[in-house]
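An overview of the molecular structure
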Amino acid sequence: MIESDNVAREWCNNDEYFDCIFNHINVSQRHFSGIQFENCTFNDCDLSEAIFKDCKFIHCNFNRCHMSVIKWLYTELFDVNFIECKLIGVDWTQADWPTFRLHPELVFKQCMLNGASFFGLKLNELTLESCQLHDVDFREGDFKHSTIRECDLFQSQFMRTQLQSVDFTDSVHIEIDILNNSLAKATFSRLEALNLLLGLDITLVD
């Protein structure tokens, strides 16, 4: 595996990078196109406000990276892990999600994704663990069999969202209209499950 602190300065459009480790690079606000990264790891990097157009990230890992307002314009993401990353204000609908890949295998752990948009996306088996998800747009999306555990969903939006068999265990501030979303076989902690009933204009007694 090739390890470098400076190789990002030499990233060339329409090039390929395989089995590389990128440490402490700063490509904030830079533009890239047509690049393929495969089996690459990004550690403590600043990719905030960078633009990746028509790129591919396959079997890649991002650790402790600053990636707020990054743009994935027509970029494919497959089997990508984000660990302790800051991803505020990212519009994930701009990426390329091929229909033949029903499960993109995206994993977010201990990440901050406030203000993100997953509007209308089909991302079955998405994994979000111990993440901050304030004001995230999940409307019209299909997230069947996903894991959203130990997350803070304060003011996140769900409307006509497919949430069958989603695991919400230990997640908090969940506001989901059970009449306008599909929740069959979803799992909630007991208190949050009771909160879902508040919108039904019913009275709960002990």
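For the structure, check the block above.
It should be emphasised that the depicted structure is a prediction, and the values quoted were computed from it without experimental measurement. (Residues numbered from 1 in each chain as written. Predicted model: local features only at pLDDT ≥ 70, side-chain atom pairs only at ≥ 80, totals over all residues. Heavy atoms only, no water.)

Observations concerning the side chain of T41
- For T41, the location among the structural elements is in strand β6 (residues 41-43).
- In this view, T41 contacts C20, I21, F22, N61 and N63; residues no more than four positions away in its chain are not counted. (Helix = DSSP H or I, 4+ residues; strand = E, 2+ residues; numbered from the N terminus. Contact = heavy atoms within 4.5 Å.)

Some words on the sheet that holds strand β9 (residues 71-73)
- Within the open sheet, the three strands sit side by side as β4-β7-β9. Their pairing is parallel. Because the sheet does not close on itself, it has two edges, and the strands there are β4 (31-33) and β9. Strand-to-strand, the axes of this sheet are offset by a mean angle of 15 degrees, without reference to chain direction.
- The pairing of strand β7 (residues 51-53) with β9 spans three bridges and is parallel. In the sheet register, K53 faces β9, and the bridge partner there is L73. (Pairing = 2+ DSSP bridges. Axes fitted to C-alpha atoms, helices over the stretch in contact; angles between N-to-C directions.)

Details of the pattern of salt bridges
- Taken as a whole and judged by the stated rule, the model has five salt bridges.
- The partner of R64 in a salt bridge is D44, and the shortest N-O contact between them spans 2.9 Å. Placement of R64 in the loop between β8 (56-63) and β9 and of D44 in the loop between β6 and β7 is noted, with a sequence separation of 20 residues between them.
- The class for R64 is partly exposed, based on a relative accessible area of 41%.
- With relative accessibility at 28%, the residue D44 sits in the partly exposed group.
- With a shortest N-O distance of 2.7 Å, R160 and E140 are connected by a salt bridge. A residue pair is termed long-range when its members are at least 10 positions apart, and R160 in the loop between β13 (147-149) and α1 (190-195) and E140 in the loop between β12 (127-129) and β13 qualify at 20 residues. (Salt bridge = Lys/Arg side-chain N within 4 Å of Asp/Glu carboxyl O. Buried < 20%, exposed > 50% of the residue type's maximum accessible area, 1.4 Å probe, protein only.)

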